[in-house]
Structures are given as structure tokens and as C-alpha cells.
Amino acid sequence: MNKKNGFTVLELILCIVFVGIFVVLFFLQKVNTEAMARDEQRKTAINAMYYALEEGYYAENGAYPENIEEAETLRWIEPNLFTDPSGFTLWQEDSDYTYESSECEDGKCKSYTLRAKMEKEAEYVKTSRN
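To keep things clear, this report deals only with the structure shown in the data block. Just so you know, these numbers come straight off a predicted model, no measurement behind them.

**A few points about a nonpolar patch on the surface**
On the surface, a nonpolar cluster with roughly 1,100 Å² of combined accessible area is contributed by Val9, Leu10, Ile13, Leu14, Val17, Phe18, Ile21, Phe22, Val24, Leu25 and Leu28. Within the fold, Phe18 resides in helix H1 (residues 9–61). The partly exposed category is assigned to Phe18, whose relative accessible area is 49%.

What follows is the structure in C-alpha cells.
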């Protein structure tokens, strides 16, 4: 009896298919995990802005700003938090973050809404508490 060592073509094809499936699943999960991390980064930034507005700006001024056009308005937080994962800052048009003030008079507002566009979740929204 003549015995040959090695793999059959069918065994090789099956191995390649399984490896291919695992590679695709790995990259899909990696993309999903990265998007979730960017969403968490957005939430962290919005929460930092929210607490700076409530505990810092409102405590000092008794009102909220009409707009946030520079980091000095909310000097209580790190300036890099104004930049979204796409590289746009809060006061730029294409930013994932928006600040909407309401009931304003002479640059002082009674309320506001902070929003962040998310990739894997619904829009993240924080509104003024005072």
C-alpha cells in the first residue's frame, strides 16, 4: 500500500475559508469597537462641557453664554475636549458637537442644549438644569 503525506485540496480550501471568515469577523469587530470608543469620547466631552457650564460659568455669571466660540468661554475644561473625533471643534460647522442657547438677552441666556452626533447610538443630549 502506497501512503502519501500531505493535505488534500479540500482540506486546504476549508482551512483558507475558515481563516478568511475569522479575519473578516476580526476586522468587523475592530471597526465596531473603534466606533464605540469614539462615541464614549463624545460623551466625555459633552459631559465635561455640561459640568463646566453648570459648575463654572453659571456659578460665576448667573446665566449661560449665548455661544461658545472659543475655549476661553469654558476655561474649566481641557481645550482638546472641544475637538470631536473627526477633528472639528465645537464652533465649526461640521462638528459632531453643537451648543444651542435659548431665552437670551444681552449675551446672557437662561438655558441651553448640548448635542453630540453618535455613530452607534442615538444623539447624545444634555440640557441646562437651571
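Picking up where we left off.
**A short note on unusual backbone geometry**
At Glu103, a residue that is not glycine, the phi angle is positive and equals roughly 55°. With respect to the helices and strands, Glu103 occurs in strand E2 (residues 97–105). In this structure, Asp106 takes a positive phi of about 55° despite not being glycine. Here Asp106 is to be found in the loop between E2 and strand E3 (108–116).

**Brief notes about H1**
In this model H1 runs 76 Å from its N-terminal to its C-terminal C-alpha over 53 residues, within 8% of the 78 Å that 1.5 Å per residue would give. For H1, the principal kink sits at Leu53 and spans about 35°. Directly beyond the C-terminal end of H1, a positive phi value near 70° is found at Gly62.

**Brief notes about the pattern of salt bridges**
With the rule as written, the count across this model stands at twelve salt bridges. A salt bridge links Arg42 to Asp39; its shortest N-O distance comes to 3.1 Å. Taken as a pair, Arg42 and Asp39 lie in helix H1 at a separation of three residues, close to a single helical turn. For Asp39, a relative accessible area of 1% corresponds to the buried category.

**Some details on the state of the cysteines**
Scanning the model with the defined rule gives one disulfide in all. Between the sulfur of Cys104 and that of Cys109 lies a disulfide, 1.9 Å long from S to S. The disulfide joining Cys104 to Cys109 has a torsion of about 105° about its S-S bond and is therefore right-handed. What makes Cys109 buried here is its relative accessible area of 2%.

**Let's talk about the packing of aromatic side chains**
Applying the stated criterion across every chain, the model contains six aromatic pairs. Summarising the aromatic geometry, the rings of Tyr99 and Tyr112 are spaced 5.6 Å apart at their centres and angled 25° between planes, so their arrangement reads as stacked. Highlighted residues: Tyr99 in strand E2 and Tyr112 in strand E3, separated in sequence by 13 residues. Neither residue differs from the other here; Tyr99 and Tyr112 are each classed as buried. Of the aromatic side chains, those joined through ring pairs into one cluster are Tyr58, Tyr64, Tyr99 and Tyr112.

Cut-offs used in this document
- Residues numbered from 1 in each chain as written.
- Predicted model: local features only at pLDDT ≥ 70, side-chain atom pairs only at ≥ 80, totals over all residues.
- Heavy atoms only, no water.
- Patch = residues over 30% accessible without salt bridge, like charges linked within 9 Å, V, L, I, M, F, W, Y side chains within 5 Å.
- Areas by Shrake-Rupley, 256 points an atom, 1.4 Å probe, with all protein chains shown as cover.
- Salt bridge = Lys/Arg side-chain N within 4 Å of Asp/Glu carboxyl O.
- Helix = DSSP H or I, 4+ residues; strand = E, 2+ residues; numbered from the N terminus.
- Buried < 20%, exposed > 50% of the residue type's maximum accessible area, 1.4 Å probe, protein only.
- Expected span 1.5 Å × (residues − 1).
- Bend = angle between axes of the 7 residues up to and from the residue.
- Disulfide = S-S within 2.5 Å.
- Phe/Tyr/Trp six-rings, centres within 6.5 Å; stacked < 30°, edge-to-face > 60°.

Such coordinate-based values are descriptive only and should not be taken to indicate function.
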